[in-house]
Amino acid sequence: MNSESGKHRVRAKLETRAQELTERLELQSVRSCYICRTCTSSCPVTFIDPRFNPLAILRMVLYGKIEEVLNSDFLWLCTSCYSCQERCPQEIPIADIMTKLKNKAFKLGNAPVGVRAQMDIIKKAGRTYPLDDFDNKKRAKAGLPELPTSCDVVKTLFESETESLK
Amino acid sequence: MKYALFLGCTIPARARNYELSARRVAETLGIELIDVERFVCCGFPIKSSKQFSAELLSAYNLALASEAGLELCTLCSSCTSALTEVAHELGYKDESQLAAVNSHLGPLGIQYSGRVTVRHFARILIEDIGLERIRKSITKDLSGLRVAVHYGCHYLKPSDIYGGFDQPEEPTTLEELVSLTGAEVIDYPGKKKCCGGPVLPVDERVALSLAKEKLDAVHEAGADLLCLVCPFCSVMYDGNQKGIENEFGVNYGLPVLYLTQLLGLAMGLDRKALGLNMNVVKTKDLMKKIPE
Ligand code: SF4
Ligand code: SF4
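All chains use their own residue numbering, which begins from 1 and follows the written sequence. To read the labels, note that chains go from A and ligands from 1, taken in the order they are written. The predicted origin of the model limits local features to residues at a pLDDT of at least 70 and limits the giving and counting of side-chain atom pairs to 80 or more, whereas totals for whole chains, interfaces and linings rest on all residues. To get the side-chain values, take all heavy atoms of the structure and skip hydrogens and water.

J.: Residues and numbers for the overall build of chain B, please.
T.: What counts as a helix is a DSSP run of H or I of at least four residues, what counts as a strand is a run of E of at least two, and both are numbered from the N terminus. If you tally the helices and strands in chain B, you get 13 helices and eight strands. For a compact globule the rule gives 2.2 Å times the number of residues to the power 0.38, and the radius of gyration it is set against comes from C-alpha atoms. Taking 19 Å as the expected radius of gyration for a compact globule of 292 residues, we find that chain B reaches 19 Å, a close match to that expectation. Three labels apply to residues, based on accessible area from a 1.4 Å probe with only protein chains included: buried if under 20% of the type maximum, exposed if over 50%, partly exposed otherwise in between. Looking at chain B residue by residue over its 292 residues, the buried ones come to 63%. The contacts in chain B between residues at least 6 apart in sequence include a share of 76% that link residues at least 24 apart. Asp and Glu count as negative and Lys and Arg as positive, but His and the ends of the chain are not part of the count. For this purpose, a charge sits on NZ of Lys, CZ of Arg, CG of Asp or CD of Glu. Of the side-chain charges in chain B, 31 are positive and 36 negative, and the distance between the mean point of each set is 4 Å. Whether two residues are in contact is decided by their heavy atoms: any pair within 4.5 Å suffices.

The structure is reproduced here in structure tokens:
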């Protein structure tokens, strides 16, 4: 095989793949990144744990390594603090892209247990800390109004949404 | 002045001290906070997992406020950003998105018109009440206190949804409000950094390390207390402070107060009425630095 054309083919394949992904993730803007590293140097998580690096994640996605990102244990370390997004000179919505990536990982069943538990509890109770009668007693004692202890609305909302996705 | 009070999930269950103090300060300033029983989670905690579901929850809450004909007043910064983002999206940008959301709200017998304003309590203090009026209700001089402020992330960001409120890179609103009490606001490195709260269910060590970084800096700077405006941040700095001390072998004993508790003290409100007895790190020693 002619190694030149082989390289071309690989590159073409990479390009199509990257394009597909950018379209699906609306990542077009990532192409304008000029690797200034402002995002990474602004990221409070990278500072604590270098396994997590927003620029590296953007690059991986752009160069066809999205599965690796979606299966990684580092993606979920993003705190959605927006420091990167606020400072990116190219106005790339980095934090929003992280959210989209996490959404995809969640769909694939790759979310950490704690994250899945949070989803389950909200689906069931409509709040992350469900209230019971005991809470309401404590509230009343502090002079605070009672709040509902159950919530059917959220169930209906989730059902109507699942219905429409079928 | 009348607003629908949006408490969210964390405050009624885990931050009753914030709720109490906010209600008392509001009363003192003549702000009427209306309770809407049917409010549900703002959606923020599931945004990373399922953004559309999160937006539906926000939209439902916005629709309730619009039904009541009221603006929303939030206390939690994460609720503020989740609700504001959706209000922004549905109000100014995308008609088709509004139609999609309303088709899901239909079965609940409610529709959203796309016009509700959401603002954090502190922002309402600045914009609707004004520093001068707040100053007039202050009766105690807290000049014995050195206060470090923590803005957190979503009180300011993403800035494009907040219509020019404060400056995310050099914020001043919390300093302005705290200064009204006479307390000295001190600077410290990493003031704008995140509390780490959102990664608590993902990796506790990373989350606690983020919180520790700030506690180290604030402690080092010699603050008497850390003042903040979000229950999530308070869980990290107040609720988890003992855990951080144990895990990392450090010692802070740093009281963490909500802005509303600090303002309330300066307004001469009772310690208990402000829920100070519910703060995890004890505030008794702090009280000695405040005039009777
Ligand atoms: S800040 Fe923006 S332009 Fe700079 S490296 Fe990060 S994504 Fe690229
Ligand atoms: S939003 Fe995520 S990636 Fe961006 S700076 Fe914050 S933690 Fe890092």
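J.: For the site of ligand 2, give the residues involved together with the corresponding values.
T.: All names here are of chain A. Neighbouring residues are identified by heavy atoms, a residue being near a molecule or strand if any of them is within 4 Å of it. Ligand 2 sits among 13 residues. The nearest are C43, C78, T79, C81 and C84. Elements with a contribution of two residues or more to the shell around ligand 2: α3 (44-48) and α6 (83-87). Split by residue class, the shell around ligand 2 holds 10 nonpolar, three polar and no charged. Residues are sorted three ways: Asp, Glu, Lys and Arg are charged, Ala, Val, Leu, Ile, Met, Phe, Trp, Tyr, Cys and Pro are nonpolar, and all the rest, Gly among them, are polar.

J.: Give a description of the sheet that holds strand β2 (residues 32-35) of chain B that names residues and reports values.
T.: Residues and elements named next belong to chain B. In this analysis, strands are considered paired if DSSP registers two or more bridges between them. Within the open sheet, the four strands sit side by side as β2-β1-β3-β4. Their pairing is parallel. Of all strands in the sheet, those bounded by a partner on one side alone are β2 and β4 (118-120). Between one strand and the next, the sheet's axes are offset by a mean angle of 40°, whatever the strand orientation. Contacts from helix α2 (residues 16-28) reach β1 (2-6), β2 and β4, with the element oriented near 135° to β2. To define axes, lines are fitted to C-alpha atoms, for helices over the stretch in contact only, and angles between the resulting N-to-C directions are given on a 0 to 180 degree scale.

J.: Quick rundown of the environment of F232 of chain B? Include the residues and the values.
T.: All names here are of chain B. Here F232 lies in helix α10 (residues 231-239). Distance from F232 to H88, taken between C-alpha atoms, is 23 Å for residues 144 residues apart in sequence. Dropping the residues within four chain positions of it, F232 is found in contact with T10, S78, C195, G197 and P198.

J.: I'd like a rundown of the pattern of salt bridges, residues and numbers included.
T.: Residues and elements named next belong to chain B. A pair is scored as a salt bridge if a Lys or Arg side-chain nitrogen falls within 4 Å of a carboxyl oxygen belonging to Asp or Glu. Within the structure shown, the criterion is met by 27 salt bridges over all chains. Between K192 and E169 there is a salt bridge; the shortest N-O distance is 3.2 Å. Taken together, the residues K192 in the loop between β6 (184-185) and α9 (204-220) and E169 in the loop between β5 (146-150) and α8 (173-179) connect sequence positions 23 residues apart. Accessibility expressed as a relative area gives 34% for E169, which makes it partly exposed.

J.: So what's going on with the domain arrangement of chain B? Which residues, and what values?
T.: Buried accessible area, meaning the area lost when the parts come together, often serves as the stated size of an interface. All names here are of chain B. For the domains described, the bounds stem from an automatic or database domain assignment. Structurally, chain B comprises domain 1 (2-121) and domain 2 (139-287). The interface of domain 1 with domain 2 comprises 26 residues on the first partner and 24 residues on the second. The buried area of a pairing is the accessible area, by a 1.4 Å probe, that goes missing from both parts when the two are put together, added over both. A combined buried area of about 2100 Å² lies between domain 1 and domain 2, and 75% of that area is made up of carbon and sulfur atoms. Looking at the side of domain 1 facing domain 2, the largest losses of area belong to N17, Y18 and S77, adding up to 24% of the total buried there. The tally of links between domain 1 and domain 2 comes to zero salt bridges. In the analysis that follows, any N or O atom pair within 3.5 Å is treated as a polar contact, provided that within protein one partner can donate a hydrogen and the other can accept it, and provided that, for residues neighboring in sequence, both atoms belong to side chains. The interface formed by domain 1 and domain 2 holds five residue pairs in polar contact (both at pLDDT 80 or more) in total. Secondary structure elements with two or more residues in the side of domain 1 that touches domain 2: α1 (10-14), α2 and α4 (77-93).

J.: Can you lay out the packing of aromatic side chains for me, pointing to particular residues and giving the numbers?
T.: Think of a pair of aromatic rings as described by two things: how far the centres are apart, and how the planes are tilted against each other in angle. Residue and element names in this part refer to chain B. Aromatic pairs are defined between Phe, Tyr and Trp rings, using the six-membered ring for Trp, whenever the two ring centres lie within 6.5 Å; interplanar angles under 30 degrees are classed as stacked, those over 60 as edge-to-face, and all others as tilted. Summed over the entire model, instances satisfying the criterion amount to five aromatic pairs over all chains. Here Y18 and Y258 contribute two aromatic rings whose centre-to-centre distance is 4.0 Å and whose plane-to-plane angle is 0°, an arrangement assigned as stacked. Of this pair, Y18 sits in helix α2 while Y258 is found in strand β8 (residues 256-258), placing the two residues 240 residues apart along the sequence. Take Y18: its relative accessible area is 1%, and that puts it in the buried class. Classification of Y258 as buried rests on a relative accessible area of 2%. An angle of 90° between the planes, with centres 6.4 Å apart, marks the rings of F44 and F232 as edge-to-face.

J.: Could you give an account of the sheet that holds β5 of chain B, naming the residues involved and the relevant values?
T.: One key point about sheets: their strands pair by backbone hydrogen bonds, in either a parallel or an antiparallel sense. Residue and element names in this part refer to chain B. The strand order across the open sheet formed by four strands is β6-β5-β7-β8, and the pairing between neighbours is parallel. The open sheet has two edge strands with one neighbour each: β6 and β8. As paired elements, strand β7 (residues 225-228) and β8 share three bridges and run parallel to each other. Its bridge partner lying in β8, C227 is registered against L257.

J.: Pulling in residues and values, what's your account of the state of the cysteines?
T.: All names here are of chain B. For this text, the term disulfide refers to a pair of cysteine sulfurs within 2.5 Å. In total, this model carries zero disulfides over all chains according to the counting rule given. Free of any disulfide, C195 has its nearest neighbouring cysteine sulfur in C233, separated by 3.9 Å. Here C227 stays free of any disulfide, with the sulfur of C233 as its closest cysteine sulfur at 11 Å.

J.: For the side chain of T173 of chain B, give the residues involved together with the corresponding values.
T.: Residues and elements named next belong to chain B. Summarising the element assignment, T173 is placed in helix α8. Residue classification places T173 among the buried residues on the basis of a relative accessible area of 5%. Once you skip the residues sitting within four places of it in the chain, T173 turns out to touch I126, Y151, Y155, F165 and D166.

J.: Go over the confidence of the model for chain B with me, naming the residues and quoting the values.
T.: As a general rule, the predicted coordinates of low-pLDDT regions are not to be interpreted in detail. Per residue, pLDDT captures the predictor's confidence, and it can take any value from 0 to 100. The share of residues in chain B with pLDDT of 70 or more is 99%, and the mean pLDDT across the chain is 96. For this predicted complex, the interface score ipTM comes out at 0.94, alongside a pTM of 0.92.

J.: Help me get a handle on the side chain of N279 of chain B, residues and values and all.
T.: By secondary structure assignment, the location of N279 of chain B is in the loop between α12 (259-266) and α13 (284-287). The contacts of N279 of chain B, once residues within four sequence positions are left out, are N17, D238, V256, L257 and Q261 of chain B.

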